[in-house]
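# Observations on the three-dimensional arrangement
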Amino acid sequence: MRQFKTESKKLLDLMINSIYTNKEIFLRELISNASDAVDKLNFKSLSDSSIQVDQGDLAIRVSFDKDARTLTVSDNGIGMTAEDLEKNLGTIAHSGSQEFKQENAEHQGNDVDIIGQFGVGFYSAFMVASKVRVVSRAFGEDAAHVWESDGLEGYTIEEGERACHGTDVILTIRENIPGENGEPGESYDTYLSEWGLKDLIKRYSNYVRYPVQMMVTKSREKDKPEDAGEDYTPEYEDYQELETVNSMTPIWKKRSSDVSDEDYNEFYKSTFHDFEDPARKVSFHAEGTLEYDALLFIPSRAPFDLYSKDYEKGLALYSSNVLIMDKCADLLPDYYNFVRGVVDSQDISLNISRETLQQNRQLKAIAKRVEKRVTSELEKMRDEDREAYETFFENFGRGLKFGIYSSYGMKADELADLLLFWSARENKMVTLAEYAAAMPEGQKAIYYAAGDDRTRLSKMPVVKSVLDRGYDVLLLTTDVDEFTFQAMRGYTAKNMPKLYEDDAAREAAAKAVADGAEPETEDRFLELKNVATGDLDLATEDEKKDAEEASKEHEDLFGTMKDALGDKVEKVAVSARLTDAPACITTEGPLSLEMEKVLARGPEADAGTMPKTQRVLELNAKHPVFDKLVAAQEAGDTGKIELYAGLLYDQALLVEGILPADPVAFAQSVCELM
């Protein structure tokens, strides 16, 4: 017996037990090796006219014998001499394929696609095999040779027989390991079943460029006997037929003009297990220092588990048509986790097991390009097919908003123009750019209101007061919306009409336009303002003056009401924003009422530690109810003021969609008032 070269036992043990995380990878490695062998022969025939090879005969065969527990992977490729067997299989980590690539780098072109890199894939067979026997006959040689090993100490090489050039790799599959003490055992029978092998071939080697063939069992109806009566029941029989299991040519490497939309849709549905056609398809080829093909799909609907912790994002990553990772998460940002698709590159640096990657910068370069193409496609959908985009946004818009929030606003430039919100004035979904374009002259902020129902929001006094002044209000109804706006802090609107500092500059610009000049534009930063927080600064000078005078005149009244409400509010004040309603609740500081509600519904909600809003009860000094309060103050009726203060506060909470802290007390107060 010959000994493996290098520190064989340690290295071989390492490869069998440590390098590969998934045993079923072995079949991918053996088929890839077989494909390389066929490719080498194909290359020889292309570069040497004396070598005649029928391209239609080049193939890989997978077969099994359940009784003998053997699995065989055969090819009719270049084959190996005894010297080749010694060098390639007797020396661990020596890659004949890699050597071939280096020697013929200048001449390969697109007709040869060598997969092997490290020279260790063959040894993955020992993860599932107790013995491996390789029978190989080199092209142009008369003799065949047999390499055999149990993967423990060494190997033997002897003369053998094979009818034609090529290689057979024959694995004796390990016996099943029964479970002990309640622990599950380990079964190897999958590798000795037709369905199991077909599944592995389709999953990992579906796009190997040569046919991977298997004898498969099929069923057919027997001929009807001539003497069969009318009550004859058809009979069926099983038969064996050689079938090509793999697809060979990947759809992402075909020209888009050669592939129909139906073909793309069918590929998407069958590969990613969706029953609906995708909303959009993106296909592109990148060249340069890193060459790759990408085929991306934007689904028509969200999977049921999209927003669950168990959902796995990622694109299928292939190298030379061989599946490396089913879901490579690094190729997609979290906010595009809904994108499905494939990236295929022979230039990426794989680790020795070809299950993961080595150079993260390569992935980052691909991911950056993928992100740009997805963004571009979404912008195209938004501008050219608004109905389809609104459907898309209903399914996946939450993730885009969360992308801005989770990045602390750093992704706002990339994602803000993809967002849609309901316009209270237009009664439709609009982008921030569309909102800005429709703003009246002089508007310096984007106004919004947050809640769980846009019908209720549109009726809120603080919303109506802004609408009455001629400004639109965006109605935010998703729990992440307001957090997103706070992370953004504002929105930079492009190509807005220029604002002039004085009338003279404005008149000069108007005259220039009248004389044929283009109107001046500017990029303008618009603050995002919640209509229910802080001072919107929308009141006229007269309204501000009236509110200030009312505040001073009725200071004692507000003090009495504040004492009645206690720590429920920070203060009671006159409102310069209300028109019809007697009162409203606003907040000071960064936390709004809606954000408080969202946090209270969260998994970490704790009444003792959750942040609370700084609430302000604003009163409409021109409302008849305010006159009643003033009369009660002048009469010294503190009890009535306390009753009214509680009622107004609870009523304002109900308008905000918040139940009073004590609904029974609220009902009793209403009855007492009646």
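The coordinates are above.
Residues numbered from 1 in each chain as written. Predicted model: local features only at pLDDT ≥ 70, side-chain atom pairs only at ≥ 80, totals over all residues. Heavy atoms only, no water.

### Here we look at a negative patch on the surface
The test is simple: Residues enter a patch when their relative accessible area is above 30% and they make no salt bridge; the linking distance is 9 Å between like charges and 5 Å between nonpolar side chains (Val, Leu, Ile, Met, Phe, Trp, Tyr). To measure how exposed things are, a 1.4 Å probe is used in the Shrake-Rupley method; for residues, cover is taken only from the protein chains shown. Put simply, a salt bridge is a Lys or Arg side-chain nitrogen that is within 4 Å of an Asp or Glu carboxyl oxygen. In summary, the charge assignment counts Lys and Arg as positive and Asp and Glu as negative, without counting His or the chain termini. Here the site of a charge means NZ on Lys, CZ on Arg, CG on Asp, or CD on Glu. A helix here means a DSSP run of H or I that spans at least four residues, while a strand means a run of E at least two residues long, and both kinds are numbered starting from the N terminus. Relative accessibility thresholds used throughout: buried, under 20% of the residue-type maximum; exposed, over 50%; partly exposed, between the two (1.4 Å probe, protein chains only).
On the surface, a cluster of negative charge is contributed by Asp261, Glu262, Asp263 and Glu266. Along the chain, the position of Asp261 falls in helix 6 (residues 261–272). Overall, the relative accessible area of 53% leaves Asp261 in the exposed class.

### Points about the packing of helix 16 (residues 555–565) against helix 18 (residues 624–634)
Applicable threshold: Note on geometry: axes are lines fitted to C-alpha atoms, helical ones only across the stretch in contact, with angles between N-to-C directions running from 0 to 180 degrees. Throughout this description, any angle smaller than 35 degrees is read as roughly parallel, any larger than 145 degrees as roughly antiparallel, any in the 65 to 115 degree range as roughly perpendicular, and the remainder as oblique. Every residue pair with non-hydrogen atoms within 4.5 Å of one another is taken to be in contact. Side-chain classes are defined by residue name, with Ala, Val, Leu, Ile, Met, Phe, Trp, Tyr, Cys and Pro counting as nonpolar, Asp, Glu, Lys and Arg as charged, and the others, Gly among them, as polar.
For the pair helix 16 and helix 18, interaxial distance at closest approach is 10 Å and the crossing angle is 90 degrees. Taken together, the axes of helix 16 and helix 18 are roughly perpendicular relative to one another. Residue-level contacts link Asp556, Leu557, Phe558, Thr560 and Met561 of helix 16 to Phe626, Leu629, Val630 and Gln633 of helix 18. By residue class, the composition of the contact of helix 16 with helix 18 is six nonpolar, two polar and one charged.

### Quick notes on the nonpolar core
The line we're drawing: Buried Ala, Val, Leu, Ile, Met, Phe, Trp, Tyr and Cys residues that are joined via side-chain atoms within 4.5 Å together make up what is termed a nonpolar core.
Among the nonpolar cores identified, the biggest contains 77 residues, and Tyr336, Phe392, Leu400, Tyr447 and Leu474 are the most heavily contacted of them. With near-sequence residues (within four places) excluded, Leu400 lies in contact with Tyr335, Tyr336, Phe338, Tyr389, Phe392, Phe393, Leu415, Leu418 and Leu419. Counting residues in each nonpolar core, the second largest holds 55 residues, with Leu30, Trp147, Leu200 and Tyr264 among its members.

### Things to note about the sheet that holds strand 19 (residues 490–497)
Our working rule: Each pair of strands is called paired provided DSSP finds at least two bridges between the two strands.
Reading across from one edge, 16-15-18-17-20-19 is the order of the six strands in this open sheet, with mixed pairing throughout. On the outer flanks of this sheet lie strand 16 (428–430) and strand 19, each paired with one strand and no other. Averaged over all neighbouring strand pairs, the angle between strand axes comes to 40 degrees, with direction disregarded. With respect to the sheet, helix 12 (residues 461–468) is in contact with strand 17 (445–450) and strand 18 (473–476), its orientation differing from that of strand 18 by roughly 155 degrees.

### Concerning the pairing of strand 3 (residues 70–75)
The element strand 3 is extensively covered by neighbouring structure, given that six of its six residues are classed as buried. What you see with strand 3 is no split at all: Thr70, Thr72 and Ser74 on one side and Leu71, Val73 and Asp75 on the other are buried throughout. In the sheet, strand 2 (residues 60–65) pairs with strand 3 via six bridges, with the strands oriented antiparallel. Directly across from Asp65, in strand 3, lies its bridge partner Thr70. Where strand 2 folds back onto strand 3 in an antiparallel hairpin, the turn is made up of four residues, including Arg69, whose phi is positive at roughly 55 degrees. Pairing of strand 3 with strand 7 (residues 166–173) involves six bridges; the strand directions are antiparallel.

### Some points on the sheet that holds strand 21 (residues 571–574)
Strands sit in the order 21-23-22 across an open sheet of three strands; the sheet is mixed. Strands with a single pairing partner mark the edges of an open sheet, and in this sheet they are strand 21 and strand 22 (583–588). The sheet shows a mean angle of 35 degrees between the axes of neighbouring strands, direction not considered. Pairing of strand 22 with strand 23 (residues 614–619), which is carried by six bridges, proceeds in the antiparallel orientation. By the bridge assignment for strand 23, Thr587 is matched with Arg615. Its contacts with the sheet put helix 16 on strand 21 and strand 23, and the angle it makes with strand 21 is roughly 145 degrees.

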